[in-house]
Each structure stands twice: as C-alpha cells, then as structure tokens.
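Letter by letter, the chains look like this.
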Amino acid sequence: MDRSIRQARDLREKEPLTTIVGKPHDGRAVVRPVSQVTLRLKAIENRDQFAATVDNILRWMNKRAGQTLPEAAWQRQSFELSEIGAQRTAAVALKEPKYWAARLDDADKTVPLRTWVTEIGVGVDVKGDVLFGVRLVCATRGVDEPFDRSVPGFVKSILSSGVVELDGVVLEKEPRFVQSEDDVANLVALLESADRQADVVVFSLPEGSENFAETAASSVRVHAKLYGVAHVVVIDGPASFMLTDAVGRELSVFRQAVRVYRPGFRSWLDDSSKHPLILPKRIAGWEDGGSIAFERWISNQLLAGSVRGRERRDRLPSFNVVRQHAAQAEMHSLRNAGGSDAEILKLYEQDNDQLRTELKEQKEQYDGLLAAADVERDALVQGAEAARAQALERLHRIRILEGRLKQHAEHREIAIPESLDQFEDWCNENLTGAVELVGRAFQGVRKSNYYDPQFIYRSLLLLRDHYVPMRIGGSSERRQAYQDALNELELEESPTGDGINYAADLYSVQYGAVRRSLDRHLKGRNSRDRRFGFRLYFFWDEEEQMVVVGWLPSHLNNRAS
C-alpha cells in the first residue's frame, strides 16, 4: 500500500500530460460520429408520406448544397453535385426495395478543415410506414476543436410531419409525465422491452410533488435536445414509489434525482451502476454552470450513445453501401434487358471507378475513426490513472481512520435489527469501507422471507470484522479468529462452484467497468425452502481491499439445482 501511495503522489507531482485534442493529426482526418436518429413515421391516409419526407429533406439540402439541386433531385431520382462551388451532395434512389439515401458534406463556417457529413435514409415497410434515419458525422483535418453534439436541424420538421414512433412509442413534443399506476406500468414495459434501442432518461420530482416544473434540471430543455434520440420522462413523487415497487429501490429514481436507463434493462439482474443515477445535489453543483451545465452534459452523453454499437449501422446503412447496391441493381437490370456488351462494360468501368473512390473514402473514414478512438482512449487512460491514484491514496487514509475508530468503538455493541425494513441504511452505516453490497444483493434481501433476519446482519458483520482483516493482514491469528467466527454461526466459506460457468449472469455482477464473478460464498443451511436455506455470494476486491456482496440470502441455481 505504501508503494501505491508513493505512486499516487508521484503522479500528481508530474506535469499534466499534453492533451491530444486540439492538435492537428498529420493530415489525417479525425472522424467522430456525432448522433443518429432512426424513427418510424406512421402512414397517413391519402398522403404519400415517403414523397413528403424526401421532399422535406431536399429543401434542406438545397439550402446547403452551394448550388441549386438539379431537376432529377426534385423527381426523387439519383443525382450528384460535384461542380466547383458546390458542396458534395448526392442521392441514390432504389425501386426495389423502395429506398432513398442521401449524403451532404457541409463545411464548418467557423472551424477550418472541419466538415459535417450528414447521411440520410428513407424507406417504406410492408405496412406503408416510412422508416427514416439520419446520421451526423464530424470529420476534422485541422485543429480538433471541441463541440456540442446535436442532430441536423431538418429532423424537427420530420418529427412534426405526423405520428412518429421511437421504439414503438409515439413521441410527444413535451417530456412524458408519469403519474398513475398505468403510466408506471407503461414505463416499466418500455424499460424492459427487449427491442428498445434508445436510452430512457427519467427526471423525478420531490417526494409528494406533482409539479412538473420541480425537477433538479430542465427536462423540457433536455427533451428538446434529445427529441427523436431518447425518451425523456418526468415522474412525480407518488409514482416514484410505484416504480420502486416494480424495479426495486436500487434501480428506481426519486427525490429529484435523474436516472438514465440503458437498453437491455433487467431489474432482476442488473447492477444499479449500469443505469447511472445523478443526485440533485450533484446536479446543482455541476462544474461550470450547475443545472444548465448538467443539461448540456447529459444531452451530449445520450447523443454519443446513439452512435455506439454495431446494430446502429445495421439500422441505417451508410450511403456508400446503398450506392453500391444501386449500381449492382442497375447492372442486373441492364443484363436482363439484353443490353449490349459495350453498355455493360461501360457500367462495369463506372462501377469500378466508383468502388475505388468509395474504398479510398472508407479507408480514410476508418483511419479517422481510429484516430478519434486513440484520442478518446488516451484521455480515458489518463483520467483513469489519475482517478486510480487518487482512490488508492484515499483508501489508505480510510484504512487509517477505520483503525482509529475501531479502537474507540470496540466497546460499543452494534445494534442488530429484528427486521430487514432498514437494511440498506444499516449497511451504509456499519459496513462502508469494508463490505459493499451491490444493487442485486439489496434486491435479494428486499424480496427475502428468511426466517431469521438477525442472522443476515451477523453474517455481514462476520465478513467485516474477521474476513476483511484476515485478507488484509493474513496472520495465523486472524485466520483462526475468522474460522472461529464461522463455526459460531455454523457457516462454511468455500468456492462457489460451477454455477459461474453454468449461469454466468446469475453468478456475476457489474462492478465498476467490468463484470466480476461471485467466486466465493458463505454456506448455511442447505434447505431449498427460501425461508431456511442461506447463501451469501461475494468476491474479494484486491485493489480496494474490500468484500463485494452480489447476492443473499437465498440459494442461486446451479447444476445440482
């Protein structure tokens, strides 16, 4: 530990590492996906929704192309602008399936050598609904100036063109207000939907409040920035209790806190850290601007999330992919129509030329993505190293303080409650710094009907008072004291067994940035009756020198189960 503290101090005393952001990249473009929107526009009777959507986009492109769009564009046909004075603007129209894709490269008006690339796709499904998507990318060849993420301006007009759905939910112009039992049931259904792709950010009101405006930050402004990208919800005080009953306290949100629920939410399995919670005091004291700065931060975070993941590109193919498909379709059509060898050869040559150009573009784009990833990775590594050094120093100080407190508190007997009603508060008061329970463990206790609640408390104190000192000190006296404590409670500590491989989700928890296996457990009675059987599953965190409990007090399934 002493060496770690020295490393922490050495790191702080060094001059700050020079940030890569802000430097040119030797002619390479730094490519950053900015945001992505994918929506369903519901069919409207007696209206060609596909044509209206494409025309809406064309009007926006016409203002930015630097040159009037050709007649073919207004006929919703394929076209490309490449003349001097025009910004690169192109579109491809497919007949089968019916699909229209476009791309516009818009030079930044204030930052030299920065270009905003907008890729758009519009299709029609079998029900007649229009599937709309747009991706915004920033490519910088010069100084990589910071920017706030956003979506292209024309998206607002698309959203106001009729009934629009995101993840099967109709979008509204204001944040969704959750007040009733039915509202909560619908919210939980959205959170747990396996098909949900977008984040859900929930702003809670003070306990007992039903005033929409009493959120810690403006849900209205955040909704305006994320309209079409994420679901923004406000939940009142009474409804927060209903949400807690449905998903558990650890994964709920209340008393003006804000929580972001990521896709893939599973209340019975997820650790609370997977779905970030921001407390109102933290929001009020947000660096460089309080709640306004927080709104900017969370909007940037969720917009960044909209372009992560392989499925994002599957839902909106790149413009080059669509153009290659169109070229192949044209060649196939010409061949079936009996086109001459000269005509087919000309198409082959055009297609080859286009492929070479697109391959070069793709290489530049991937190189740019790698460059951007290098920038972000270096920044994250630098931040992680500084945070780790700071955490190690603080941990060392905590251990010293704990030792002093223990000397003063040896004669103070800790009250053991007779019920589990205040279990979380008791743990926070008596276990902090030695034993940490993740959200799933609290869920297990909350749902428990174990016949002897005091036994649960005593097993946790056993870990705090005997297991942790044994792991830190390792002397024979401490090992014997730990074994004696186990014998007194008639417990056995042993490896978890093959449940780690048989049911990895159940036998692991998300802890920090990684998933950790619950490789040890305390075994009490072997009864399968949840009232009498006892298990406490945990792992030892060597770096933080503490026990992390992932589940108790019931038995988790394994092959023997």
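Peer 1: Can you help me understand the overall build of the chain in this one?
Peer 2: The secondary structure content of the chain amounts to 17 helices and 20 strands. Burial analysis of the chain (561 residues in total) assigns 45% to the buried set. In the chain, the share of contacts with a sequence separation of at least 24, taken over all contacts with a separation of at least 6, comes to 65%. As displayed, the chain has an accessible area near 29,900 Å², and 50% of this comes from carbon and sulfur atoms.

Peer 1: Looking at this structure, I do not really get the sheet that holds strand β14 (residues 435-437). What am I missing?
Peer 2: One key point about sheets: their strands pair by backbone hydrogen bonds, in either a parallel or an antiparallel sense. Spatially, the five strands line up as an open sheet ordered β14-β20-β19-β18-β15, and their pairing is mixed. Strands at the two margins of the open sheet, each flanked by one partner only, are β14 and β15 (492-495). Ignoring strand direction, the axes of neighbouring strands in this sheet form an average angle of 30 degrees. The sheet contact formed by β15 and strand β18 (residues 520-523) spans four bridges and is antiparallel. Its bridge partner being in β18, glutamate 493 is matched across the sheet by leucine 522.

Peer 1: How should I be thinking about helix α2 (residues 49-64) in this particular structure?
Peer 2: The end-to-end C-alpha distance of α2, which contains 16 residues, comes to 23 Å, matching closely the 22 Å that a straight helix rising 1.5 Å per residue would cover. Buried within α2 we find Gln49, Phe50, Ala51, Thr53, Val54, Asp55, Asn56, Ile57, Leu58, Trp60 and Met61. Of the residues that open α2, the one with a side-chain oxygen 3.3 Å from the backbone nitrogen of phenylalanine 50 is aspartate 48. Taken from the residues just after α2, glycine 66 is the one with a positive phi, measuring 85 degrees.

Peer 1: Can you help me understand the pattern of salt bridges in this one?
Peer 2: Pairing of side chains with opposite charge becomes possible as their charged atoms draw close. According to the stated counting rule, one finds 21 salt bridges in the structure shown. Residue arginine 32 pairs with aspartate 144 through a salt bridge whose shortest N-O separation is 2.5 Å. Here the residue arginine 32 occupies a position in strand β1 (residues 30-41), and aspartate 144 occupies one in the loop between β6 (130-140) and α4 (155-159), the gap between them amounting to 112 residues. Under the relative-accessibility criterion, aspartate 144 is labelled buried at 2%. The closest approach of N and O atoms between glutamate 493 and arginine 520, which form a salt bridge, is 2.7 Å. Remark: arginine 520 occurs in strand β18 and glutamate 493 occurs in strand β15; sequence separation between them is 27 residues. A residue is classified by how much of its surface remains accessible, and glutamate 493, at 18% relative accessible area, is buried. Residue classification places arginine 520 among the partly exposed positions, given a relative accessible area of 25%. Each of Arg40, Lys42, Asp125 and Asp129 takes part in one network of salt bridges that share partners.

Peer 1: Would you mind going over the packing of aromatic side chains with me for this structure?
Peer 2: Each aromatic ring pair is characterised by the separation of its centres together with the angle its planes make. Summed over all chains, the structure comprises 21 aromatic pairs. Ring centres 5.1 Å apart and planes at 90 degrees place the aromatic pair phenylalanine 177 and phenylalanine 212 in the edge-to-face group. Of this pair, phenylalanine 177 sits in strand β9 (residues 176-178) while phenylalanine 212 sits in the loop between β10 (200-204) and α6 (219-226), and the two are 35 residues apart along the sequence. According to the relative accessible area criterion, phenylalanine 212 is partly exposed, its value standing at 26%. Between phenylalanine 423 and phenylalanine 442, the ring centres sit 5.9 Å apart and the planes meet at 70 degrees, which makes this aromatic pair edge-to-face. Highlighted residues: phenylalanine 423 in helix α13 (residues 423-430) and phenylalanine 442 in helix α14 (residues 439-446), separated in sequence by 19 residues. With respect to burial, phenylalanine 423 and phenylalanine 442 carry one shared label: buried. Linked through ring pairs, Tyr450, Tyr451, Phe455, Phe532 and Phe534 together constitute an aromatic cluster. We note arginine 282 situated over the ring of tryptophan 286; from NZ or CZ to the ring centre the distance is 4.2 Å.

Peer 1: For this particular structure, what's the right way to read the nonpolar core?
Peer 2: Across soluble globular proteins, nonpolar side chains show a tendency to be buried alongside one another. Among the nonpolar cores identified, the biggest contains 53 residues, and Met61, Trp100 and Phe132 are the most heavily contacted of them. Tallying contributions element by element places α2 first for this core, with six residues. One finds Leu420, Phe442, Phe455 and Leu536 within the second-largest nonpolar core, a separate group that totals 36 residues.

Peer 1: Honestly, the sheet that holds strand β13 (residues 277-278) in this entry has me stumped. Any pointers?
Peer 2: One open sheet holds the five strands; their spatial order is β9-β11-β10-β12-β13, and the pairing between them is mixed. This sheet does not close on itself; its edge strands, each paired only once, are β9 and β13. Sheet topology note: the β10/strand β11 (residues 231-235) ladder contains five bridges and is parallel. In the strand pairing of β11, valine 201 is matched with valine 232. Its contacts with the sheet place α6 against β10 and β11, and it is angled at close to 165 degrees to β11. Set on the sheet, helix α7 (residues 237-247) makes contact with β9, β10, β11 and β12 (258-261); between it and β11 the angle comes to about 110 degrees.

Rules and cut-offs
Residues numbered from 1 in each chain as written. Predicted model: local features only at pLDDT ≥ 70, side-chain atom pairs only at ≥ 80, totals over all residues. Heavy atoms only, no water. Helix = DSSP H or I, 4+ residues; strand = E, 2+ residues; numbered from the N terminus. Buried < 20%, exposed > 50% of the residue type's maximum accessible area, 1.4 Å probe, protein only. Contact = heavy atoms within 4.5 Å. Areas by Shrake-Rupley, 256 points an atom, 1.4 Å probe, with all protein chains shown as cover. Pairing = 2+ DSSP bridges. Axes fitted to C-alpha atoms, helices over the stretch in contact; angles between N-to-C directions. Expected span 1.5 Å × (residues − 1). Polar contact = N/O pair within 3.5 Å; in protein donor to acceptor, adjacent residues only side chain to side chain. Salt bridge = Lys/Arg side-chain N within 4 Å of Asp/Glu carboxyl O. Phe/Tyr/Trp six-rings, centres within 6.5 Å; stacked < 30°, edge-to-face > 60°. Lys NZ or Arg CZ within 6 Å of the ring centre and 35° of its normal. Core = buried A, V, L, I, M, F, W, Y, C linked by side-chain atoms within 4.5 Å.

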